[in-house]
Structure formats: C-alpha cells, structure tokens
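Commentary on secondary and tertiary structure
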Amino acid sequence: MTAPAREQERDPGLQPERTRLAWRRTTLSSTVAAVLAAKTTLHGGLSVTGVVVCVLCCALWLGFLAIAHRRIRVLTAAGPGGPPALTPRHAAVATLCTVALAVCAAALVF
C-alpha cells in the first residue's frame, strides 16, 4: 500500500518541459512537411491527385496540430505531481497523423 504514496512524492523534474519541447519540434516538422506538400503541388502544375493529396496533408497536419496543442496545454498546466499520461487514443491519433502525413508528402514527391 506504499505505492500510491511514492507516486504522489514523484518529482517529474524537467521531463514535462522536455516533452513539451518535443511536441513543439514535431509540430514544426509536420508544418514544414505540409508547406512543402503544398509547394510541390503548386509547383508541378495542378492535378486532381496532387490537390487531393495536398488537402489530405493539410487535414492531417491540422489533426496533429490539435492533438499537440492539447498535449502542450496539459504539460504546461501540470501540477507538482506531474502531467497525466497521454491516453492511448490520443497517442494513436498523433501517430496516425504523423505517419500518414509522411506517406502523403512522399507520394507528392514521387
């Protein structure tokens, strides 16, 4: 029965800040991928496939941005006990958006 007491005494240190910064870096990377996807679509001439993939990239970017912004807010507002764990649903959506954005961006290049 001492496990809950140990969890309450946990000092997260700088881990929430490092995690928040990692979310920001990943958001910046996905922003660059979405912008490059739009640039590639506009540069190579407009095609229906290119526009659809570009719109999909932008939608995936917005989805990841929403998840990342929510997580950054949670990490910033965390109290002394540290932030709550990322839910599996949110982790799955963030992973899906990241991987799908990379696949869509690669499809535009090739």
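Reference entry: report on the structure contained in this document. Position numbers for residues start from 1 in each chain and track the written sequence from start to end. Side-chain atom pairs in this predicted model are given and counted only at pLDDT of 80 or more, local residue features only at pLDDT of at least 70, and totals for whole chains, interfaces and linings cover all residues. Side-chain measures here rest on the full set of heavy atoms in the structure, leaving out hydrogens and waters.

Examining the nonpolar core
W23, V53, C57, L60, F64, A94 and C104 are the most contacted members of the largest nonpolar core, which has 15 residues in total. Residue assignment for this core shows that the elements contributing at least two residues are α2 (15–43), α3 (48–76) and α4 (88–109). Strands here mean DSSP runs of E at least two residues long; helices mean DSSP runs of H or I at least four residues long; both are numbered from the N terminus. If one sorts the elements of this core by residue count, α3 sits on top with eight residues. Once you skip the residues sitting within four places of it in the chain, C104 turns out to touch V53, L56, C57 and L60. Definition used in this section: a nonpolar core is a set of buried Ala, Val, Leu, Ile, Met, Phe, Trp, Tyr and Cys residues joined via side-chain atoms within 4.5 Å. Exposure categories follow from relative accessible area, calculated using a 1.4 Å probe and restricted to protein chains: below 20% of the type maximum is buried, above 50% is exposed, and the middle band is partly exposed. In this description, contact between two residues means that some pair of their heavy atoms is separated by no more than 4.5 Å.

Focus: the side chain of H90
Here H90 lies in helix α4. We define a polar contact as two N or O atoms separated by no more than 3.5 Å, with the added condition that, inside protein, one atom must be a possible hydrogen donor and the other a possible acceptor, whereas residues neighbouring each other in sequence contribute only through side-chain atom pairs. Engagement of the side chain of H90 in a polar contact is seen with the side chain of T87, the distance being 2.5 Å.

Re α3
An α-helix turns once every 3.6 residues. As a result, residues three or four positions apart point the same way. Expected span of a helix: the number of residues minus one, times 1.5 Å. Between its terminal C-alpha atoms α3 stretches 42 Å, which fits the 42 Å expected from 29 residues at 1.5 Å a residue. Every buried residue of α3 is accounted for by G50, V53, C54, C57, L60, F64, I67, A68, R71, I72 and L75. The secondary structure elements touched by the buried residues of α3 are α2 and α4.

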